[in-house]
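# A structural walkthrough
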Amino acid sequence: MKKTNEIYIYNDSFLSLLVLIKKLFLLNIIPFNITNNCELNLFNPVISLNLEEDDLIIKRLIDNLGKRIVIDLYYIYLSNHLKKEMLIYYFLLYSTKYHEQVYNLRRIGVINDALKASGYVRRENHKFKGFLRFKKLKREVWYAEFAPTNNILPILVNHFKKRFKNEYWLIKDVKRNIVAFYDKREVYLRDANMLNINLEIAQDEQKFQELWQTFFKTIGIKERQNKNLQRQMMPKKYWQYIEEVNSEESDY
Amino acid sequence: MDLQEKLQILADSAKYDASCSSSGGKTQKMPGLGSIATSGICHSYSSDGRCISLLKILFTNCCIFNCLYCPNRRDNEIKRACFTPEEVCEITLNFYRRNYIEGLFLSSGIIKSPDYTVSLLIKTLELLRHKYHFRGYIHVKAIPGAREELIKKLGLLADRMSVNVELATDPALKLLAPNKTHENAYKVMKYIRDNKSPQFVPAGQSTQMLVGLPEESDWHILNQSQNLYHNYHLKRVFYSAYIPVNQNKLLPVLNPPLKREHRLYQADWLMRFYHFKVSDLVSKENPHLSLLYDPKESYALSHLDEYPKDINKCSYEELLKVPGIGLKSAKRIMSSRELFPLDFRDLQKLGVVLKRAKYFITCSGKYYLQQSFLAHDIKAKLIPETKSRQLSLFDEEN
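Quick caveat: nothing in here was measured; it's all calculated off a predicted structure.

## Quick notes on the overall build of chain A
Per the secondary structure count, chain A includes nine helices and ten strands. Projected onto its principal axes, the C-alpha coordinates of chain A cover approximately 65 × 45 × 40 Å. Across the 252 residues of chain A, 48% fall into the buried class. Pairs at least 24 residues apart make up 67% of the contacts formed inside chain A by residues separated by at least 6 positions. When the accessible area of chain A is evaluated, it comes to approximately 13000 Å², of which 50% is carbon and sulfur surface. One way to put it: in chain A the 41 positive side-chain charges average out to a point 6 Å from where the 30 negative ones average out.

## Some remarks on the domain arrangement of chain A
Residues and elements named next belong to chain A. According to the domain assignment, chain A contains domain 1 (2-123), domain 2 (132-194) and domain 3 (208-249). Of the residues lining the interface, seven residues belong to domain 1; the matching set on domain 2 comes to six residues. Of the roughly 610 Å² buried between domain 1 and domain 2, counting both surfaces, carbon and sulfur atoms make up 59%. At the junction of domain 1 with domain 2, the criterion picks out two residue pairs in polar contact (both at pLDDT 80 or more). For the side of domain 1 that touches domain 2, the secondary-structure elements that each account for two or more residues are helix H3 (67-78) and helix H5 (109-131). Here the residues of the side of domain 1 that touches domain 2 sort into five nonpolar, two polar and no charged.

## Considerations on the nonpolar core
Of all hydrophobic cores here, the largest spans 191 residues; its most connected members are Phe91 and Phe215 of chain A together with Ile57, Phe95 and Leu347 of chain B. Ignoring sequence-local partners within four residues, the contact set of Leu347 of chain B consists of Ile311, Ile333, Leu342, Val352, Leu354, Ile361 and Cys363 of chain B. Counting six residues, the second largest nonpolar core, distinct from the first, contains Cys20, Ile36, Leu54 and Phe105 of chain B.

## Here's the deal with the pattern of salt bridges
Under the definition given, this model contains 31 salt bridges over all chains. Where Lys79 of chain B meets Glu5 of chain B, a salt bridge forms, and the shortest distance between an N and an O atom there is 2.6 Å. Note that Lys79 of chain B is positioned in the loop between strand E3 (54-58) and helix H2 (85-97) and Glu5 of chain B in helix H1 (residues 3-12), a separation of 74 residues in sequence. You can call Lys79 of chain B exposed: its relative accessible area is 54%. In this structure, the salt-bridge partner of Asp218 of chain B is Arg260 of chain B, at a minimum N-O distance of 2.7 Å. Taken together, the positions of Asp218 of chain B in helix H7 (residues 218-232) and Arg260 of chain B in helix H8 (residues 258-273) put the pair 42 residues apart, joining distant regions of the chain. Under the relative-accessibility criterion, Asp218 of chain B is labelled buried at 1%. Each of Lys136, Glu140 and Asp204 of chain A takes part in one network of salt bridges that share partners.

## Some words on the interface of chain A and chain B
Of the residues lining the interface, 54 residues belong to chain A; the matching set on chain B comes to 60 residues. Of the roughly 5200 Å² buried between chain A and chain B, counting both surfaces, carbon and sulfur atoms make up 56%. For chain A, the biggest contributors to the area lost against chain B are Arg107, Arg163 and Arg224 of chain A; these three give 16% of the whole. On inspection of chain A and its partner chain B, the count reaches six salt bridges. Joining chain A to chain B, the criterion identifies 25 residue pairs in polar contact (both at pLDDT 80 or more). Counting residues per element, the ones that place at least two in the side of chain A that touches chain B are H5, strand E6 (134-137), helix H6 (153-163), helix H7 (205-219), helix H8 (227-233) and helix H9 (243-249) of chain A. Sorting elements by how many residues they give to the side of chain A that touches chain B places H7 of chain A first, with twelve residues. Classifying every residue of the side of chain A that touches chain B gives 18 nonpolar, 17 polar and 19 charged.

## Comments concerning the domain arrangement of chain B
Residues and elements named next belong to chain B. You can read the domains of chain B as domain 1 (3-281) and domain 2 (295-393). Of the residues lining the interface, twelve residues belong to domain 1; the matching set on domain 2 comes to twelve residues. Carbon and sulfur atoms make up 69% of the surface buried where domain 1 meets domain 2, a total of about 1100 Å² over both sides. A per-residue breakdown of the area domain 1 buries against domain 2 is headed by Tyr274, His275 and Phe276, which together make up 44% of the total. Counting the contacts that link domain 1 with domain 2 gives zero salt bridges. Between domain 1 and domain 2 we count one residue pair in polar contact (both at pLDDT 80 or more) in total. Of all the secondary structure elements, the ones that give two or more residues to the side of domain 1 that touches domain 2 are H8 and helix H9 (278-281). Of the residues forming the side of domain 1 that touches domain 2, the biggest block, seven residues, is contributed by H8. Broken down by class, the residue content of the side of domain 1 that touches domain 2 amounts to six nonpolar, three polar and three charged.

## Regarding the pairing of strand E7 (residues 205-211) of chain B
Residues and elements named next belong to chain B. Taking burial as the measure, the seven residues of E7 include seven buried ones, the bulk of the element. Where burial is concerned, the two faces of E7 agree: the one with Gln205, Thr207, Met209 and Val211 and the one with Ser206, Gln208 and Leu210 are both buried. As defined by bridge partners, strand E6 (residues 160-162) adjoins E7 across two bridges and the pair is classed as parallel. Looking at E7, one finds that Met161 is bridged to Gln205.

## A word on the packing of aromatic side chains
Aromatic ring pairs are described here by two measures, namely the spacing of the ring centres and the angle between the planes. Residue and element names in this part refer to chain A. Evaluation of the coordinates by the stated rule reveals 32 aromatic pairs over all chains. Considering the side-chain rings of Tyr74 and Tyr77, the 6.3 Å spacing of their centres and the 20° angle between planes classify their relative orientation as stacked. Of this pair, Tyr74 and Tyr77 both sit in helix H3, three residues apart, which is roughly one turn of that helix. Overall, Tyr74 belongs to the partly exposed group, its relative accessible area being 26%.

## Overview of the state of the cysteines
Residues and elements named next belong to chain B. Throughout the structure, instances matching the rule amount to one disulfide over all chains. Here Cys42 is linked by a disulfide to Cys51, with a sulfur-sulfur distance of 2.5 Å. One quick way to see it: the torsion about the S-S bond of Cys42 and Cys51 is about -105°, and its sign makes the bridge left-handed. Given a relative accessible area of 25%, Cys42 falls into the partly exposed group. The thiol of Cys63 is unpaired, and the distance to the nearest cysteine sulfur, on Cys70, comes to 6.4 Å.

## A short note on unusual backbone geometry
Cis peptide bonds are those with omega within 30 degrees of zero, and the linkage from Tyr307 of chain B to Pro308 of chain B qualifies with -10°. Of note, the phi angle at Arg139 of chain A is positive, near 65°, even though the residue is not glycine. Looking at where Arg139 of chain A falls in the secondary structure, it is placed in the loop between E6 and strand E7 (141-146). Residue classification places Arg139 of chain A among the exposed residues on the basis of a relative accessible area of 78%. The backbone of Lys184 of chain A shows a phi angle near 75°, a positive value even though the residue is not glycine. Mapped onto the elements, Lys184 of chain A comes out in the loop between strand E9 (178-182) and strand E10 (187-191). A residue is classified by how much of its surface remains accessible, and Lys184 of chain A, at 38% relative accessible area, is partly exposed.

The rules we used
Residues numbered from 1 in each chain as written. Chains lettered and ligands numbered in written order. Predicted model: local features only at pLDDT ≥ 70, side-chain atom pairs only at ≥ 80, totals over all residues. Heavy atoms only, no water. Helix = DSSP H or I, 4+ residues; strand = E, 2+ residues; numbered from the N terminus. Buried < 20%, exposed > 50% of the residue type's maximum accessible area, 1.4 Å probe, protein only. Contact = heavy atoms within 4.5 Å. Areas by Shrake-Rupley, 256 points an atom, 1.4 Å probe, with all protein chains shown as cover. Lys, Arg positive; Asp, Glu negative; His and termini not counted. Charge placed at Lys NZ, Arg CZ, Asp CG, Glu CD. Domains from an automatic or database assignment. Buried area = accessible area lost by both parts, 1.4 Å probe. Polar contact = N/O pair within 3.5 Å; in protein donor to acceptor, adjacent residues only side chain to side chain. Nonpolar A, V, L, I, M, F, W, Y, C, P; charged D, E, K, R; others polar. Core = buried A, V, L, I, M, F, W, Y, C linked by side-chain atoms within 4.5 Å. Salt bridge = Lys/Arg side-chain N within 4 Å of Asp/Glu carboxyl O. Pairing = 2+ DSSP bridges. Phe/Tyr/Trp six-rings, centres within 6.5 Å; stacked < 30°, edge-to-face > 60°. Disulfide = S-S within 2.5 Å.

What follows is the structure, given as structure tokens:
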């Protein structure tokens, strides 16, 4: 393998990234960076290979490396790590050689970082299975907003597809301006600007929000008050979209 | 009385129950609303830092029992309320659809008789499961003394069922809860143990014990826990620091012993996952867990002849006895050291808390610190770290 100072371009999809990395393996190239940002760079040559994208590559990866590794690759892809493409490059490189033993190679810095990035995505996804809040809109549509640190919407929908399989629902990632909507059969991910959502809430929405506030305030035990622990478990950065704590904050 | 006020009263009466876990259930492939996540999900955290996973309410806080420690005891002059089954369903379903909760935790004071109370709970859960096809998590309290066929019916509607033993020893229970007996509780636990199936209480049973009532030491409490795990196959024992809700010369007036409660949870964890026995942690002569050191540190400090353990040679069980090494890092050490011997830098990447583990381990014969392995030295060095860690989690007692 040859280290270069070149930057390689992919077109912002997991598949495109995998196809590019596989090609780089064939060419024996370790790039300086991989990015979907085509801006010119003064110090490094920027190269676009225009490869054909065949999604058979994912199936082949699963056959060769097992599902666990491919899922981790995808989770790293969803992470907010600044060099996630290079983490995927190295994780795939070592997985190709060591297969599942790659999970015992945390002593290698990039592998440790890659597993941390994927763990962060997994944990944040798990948290939002609980922290997401739906509102009932007119015509029995359920609507939720959130702003996760990692791009977890594409995996979070799997949970709600099972949980609310007989409802119409929408989830908006406000930070990335994408919306997932579910029509009782499939989930679709779209740019939020493409959708025109009527956010008028249903008649009984207010009533249940108030009941929830009552429950939330009552269930905390005064003699055990521990706001530090509360914040530790439910980080402040998420509060904006969690009504019960967001409105509680203004009480102080 | 409107629904707001009822919810306020009946959540307030239920809040002292420590259990809020929603784990261990399995989604059944039936049409309806909801699903169950095997690992459990926390939806919010209340001002005391406890997880909110379930809508935790009493069906009613009216009670014919007069247990001294209970806020809902017969003699207390408090506002009483009672839900209707439809009201419980309305709140549960609407909270669930908004993703506020993972399911329902329904308990109740005893009205008229245990049988009558259980039949009200059954009516509520039947409505929820059969009329509204609710498939979320349900934890229900079994009422000791109710007829077996009613307990069976109730268990078929719930994911988890629990009976609180309340106190570790018979004399204490007799003194503080004259209407309750451990025999009655064990009878229900035995029934649940012997009837577990995918339809009947699939997530198993749990219980709760109060902490901080006089005469009961950690030794009493942990022995009771060991008995319950071993003989009744409980999934969890919860510990609840007693909060002085009632005035009585038999009851303490101190602030809740939160740190002691925390130590009991740690000891409980060691017993369930780390191959510790009660006798490793406390004894009749030394009946209390240390508040200064966590239980594993205490064990290590009083068994220094077993340490230091060599990370690259010792067994999995021995790794688990090292402070700062958890289940996950122990497993990672086991599988990584097959590839290459580990050094201290590697351990950090595997998730070992080196600042505590370093005193008790060697890596291929090498000790982390310059000076040799000295007991009083370790004791002194562990304190400040432990203390500052505890202070950030819990306020000082009293």
